[in-house]
Amino acid sequence: MIEAKYSKLFGRIAGISLVFAVIPLLSLAVFIYIQFSETYNSKIRENLRATVENKRMAIDLFLEEKRSILQTLAGIHDYETLTSPGYLRRLFRETASHANASFVDMGVIDEQGRHVAYEGPYQLRTANYSDAEWFHEVLLRGVYVSNVFMGQRRFPHFVIAIRRDEGEKTWILRATIDMNVFNALVQSVQSGSRGDAFLVNDKMELQTASRFSGGPMAPAPLTSVERFRGIRVHNETMHGRPGMIGMAWLENAPWLLVITDDVAEEMSPLLSTKTDVLLLCSIGIIIIVIGTITTSRLLVAHIRKADMEAARLDASLLHQSKMAALGKMAAGVAHELNNPLTLIREAAGWLHDLLDPDENEEPDREEIRKVLTRIDAYIERARGITHRMLGFGRRMEPVKEHVNANALVDETVAFLENEALHRNITIERSLDSALPPVRIDPSQVQQVFLNLLDNAIDAVGHDGTIRIRTQVAPTAGFAQIDFMDSGPGIPPQIIDKIFDPFFTTKAAGEGTGLGLAISYGIVEKMGGNIRVESSPETGTTFSVLLPLAETA
């Protein structure tokens, strides 16, 4: 099982590697797809614009051709000729053969709206159009292309009518356009299975059949469109699908040409390419992920092995160094204490001899004074030795400075981090970045931190957690540094004794019982305090209160 530290290291290495490998690949794929999509979309738009323009010209040309035919017929024939028996029939057949059979019927109407001559498949020879809209429009305009209407035929159709003024007589030559031919002309540009093409009038009524909206005179699937010049192409949802619509008003009729394209259908080749790109990217990402994870695991395993070797070496060297230092210190202390104490004992014996009441001669007071002086010197020497022993590793008189407590914690953790790592103990730090500086002796307070952190590591043993937290203390003017371990806690019956000198719960030879006592004395000299809270469920927390610099 990988320890928490190495899990985080693995996650960071793998994450950074994946970010720098995958993001450029995805960015490139997205950029290519977007550029290709925009280009393809622009091409569809331009093709639709060209289609609308070409189809508008074709429809205008068709209507212009039919209108020209009627104008020519009305111009070269007079009323009497066209209304003579049988003439209109011959003229209609002859015209139909030259006009691609686009006329369904043809008739001559007088100025009262009565059919005076008719040729076609319907019974309209006696029809009267005096109430028809197209009749009044052609009398007013001279030339008129009607909207699609039902009329007397009872099915949708439209007519082209020409007014002829012959002296005082006015008459109209009218022809009905074959809707099948006209529909085919308009719908010939329908593309794919979702494309559509149709004409609408200014009332948004269909003038030709729509693939999805019905036949002529049905409501068009559009809102009102004001007249405009040129061609408009824009994206619009058509029948619940994304589409593109092109529009243009005809010049020879009051109709709007509408051609729609299904964008999804038109862009199906692009979607196929998108699938291929996604597949290739997915394969590439999978390969990158597998390679990154494998490489990261190997790298972390190598680092872990190197750290473990270093930790074992550091622990061995530290242990040897401690043992050597303790041996030298013990030998030195024993030697330094034994010598003056022996001399004191001898001097005291001699003094005793000098003052022996059995002796009759007068004691040599000068000699006694010298001996007593030597005894004082030896006693002071012994006090100095014990004083130096208690002050081992620290200065007795603190030199207070403005210190960043967070930095001091980081330095302290660095000293014991390998030891904690070796025991699979996680040291978590929650340091208040806004914590003001404290006024302390950094070397002495660091010794306190080292003692507390070392005790916490010993309390946890293996596979645990130590949390170090810095914050402004609830007590005004102090910073609070908490050392919290997940160990078994301190028994309630001895918690009041832990700061007593030489009191220890460690096995014989493993502790002197001076660490917490020395730490308590150091913090107290700094003007602070140490508190302890402990329970078997939550472990032990030592809280060090140090005076803030601005209030110290």
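Here the structure is a predicted model, which means the values were calculated and not measured.

Criteria and thresholds
- Residues numbered from 1 in each chain as written.
- Predicted model: local features only at pLDDT ≥ 70, side-chain atom pairs only at ≥ 80, totals over all residues.
- Heavy atoms only, no water.
- 1 Å grid on protein atoms, 1.4 Å probe; cavity = no way out; pocket = protein on both sides within 12 Å on 5 of 7 lines; lining within 4 Å.
- Points joined across faces, edges and corners; volume = space filled by probe spheres on them.
- Helix = DSSP H or I, 4+ residues; strand = E, 2+ residues; numbered from the N terminus.
- Nonpolar A, V, L, I, M, F, W, Y, C, P; charged D, E, K, R; others polar.
- Buried < 20%, exposed > 50% of the residue type's maximum accessible area, 1.4 Å probe, protein only.
- Pairing = 2+ DSSP bridges.
- pLDDT = per-residue confidence, 0-100.
- Contact = heavy atoms within 4.5 Å.
- Phe/Tyr/Trp six-rings, centres within 6.5 Å; stacked < 30°, edge-to-face > 60°.
- Axes fitted to C-alpha atoms, helices over the stretch in contact; angles between N-to-C directions.
- Left-handed = near helix turned anticlockwise from the far one by under 90°.

Student: So what's going on with the layout of surface pockets? Which residues, and what values?
Tutor: The volume enclosed by the second largest pocket comes to roughly 520 Å³. In this structure, the second largest pocket is lined by 26 residues; those nearest its centre are Glu133, Tyr144, Val145, Ser146 and Asn147. Looking at the lining of the second largest pocket, the elements that each hand over two or more residues are α4 (133–141) and β3 (143–145). Considering every element that reaches the lining of the second largest pocket, the biggest residue donor is α4, with 4 residues. Residues of the lining of the second largest pocket, tallied by class, amount to 11 nonpolar, 7 polar and 8 charged.

Student: Describe the pairing of strand β16 (residues 539–547), and please don't skip the residues or the numbers.
Tutor: Most of β16 is tucked away: 9 of the 9 residues are buried. The pairing of strand β15 (residues 529–535) with β16 spans 7 bridges and is antiparallel. By the bridge assignment, Ser535 is partnered in β16 with Gly539. In this structure, the hairpin formed by β15 and β16 is closed by a connection of 3 residues.

Student: Describe empty space enclosed by the protein, and please don't skip the residues or the numbers.
Tutor: Using the criterion set out here, one finds 2 cavities of 30 Å³ or more in the structure. Here the second largest cavity is characterised by a volume of approximately 30 Å³. For the lining of the second largest cavity, the residue count by class is 4 nonpolar, 3 polar and 2 charged.

Student: Before we move on, could you go through the confidence of the model for the chain and cite the residues and values that matter?
Tutor: Close reading of the predicted structure is inappropriate where its pLDDT is low. In the predicted model, the chain carries a mean pLDDT of 82, and 82% of its residues have values of at least 70. Every residue in residues 318–328 is under pLDDT 50, and counting partners more than four places away or in other chains gives 0 contacts.

Student: Any chance you could break down the environment of Tyr79 for me, citing the residues and the numbers?
Tutor: The residue Tyr79 is located in helix α2 (residues 79–83) in this model. On the accessibility criterion, Tyr79 (11% relative accessible area) is buried. Tyr79 sits 93 residues away from Ile172 along the chain, and the two C-alpha atoms are 9.3 Å apart.

Student: Go over the packing of aromatic side chains with me, naming the residues and quoting the values.
Tutor: Throughout the structure, instances matching the rule amount to 11 aromatic pairs. Judged by centre distance (5.4 Å) and plane angle (50°), the ring pair of Phe449 and Phe483 falls under tilted. On the criterion of sequence distance, the pair formed by Phe449 in helix α10 (residues 442–460) and Phe483 in strand β14 (residues 478–485) is long-range, its members being 34 residues apart. The burial state of Phe449 is the same as that of Phe483; both residues are buried.

Student: How would you sum up the packing of α10 against helix α11 (residues 515–525)? Please name residues and give values.
Tutor: A pair of packed helices is captured by two measures, namely the crossing angle of their axes and the spacing between those axes. The N-to-C vectors of α10 and α11 enclose an angle of 145°; their axes lie 9 Å apart at closest approach. Judged by the sense of rotation from one axis to the other, the crossing of α10 with α11 is left-handed. Taking contact as the criterion, the partners of Gln444, Val445, Val448, Asn451, Leu452 and Asn455 in α10 are, on α11, Gly515, Leu516, Ser519, Ile522 and Val523.

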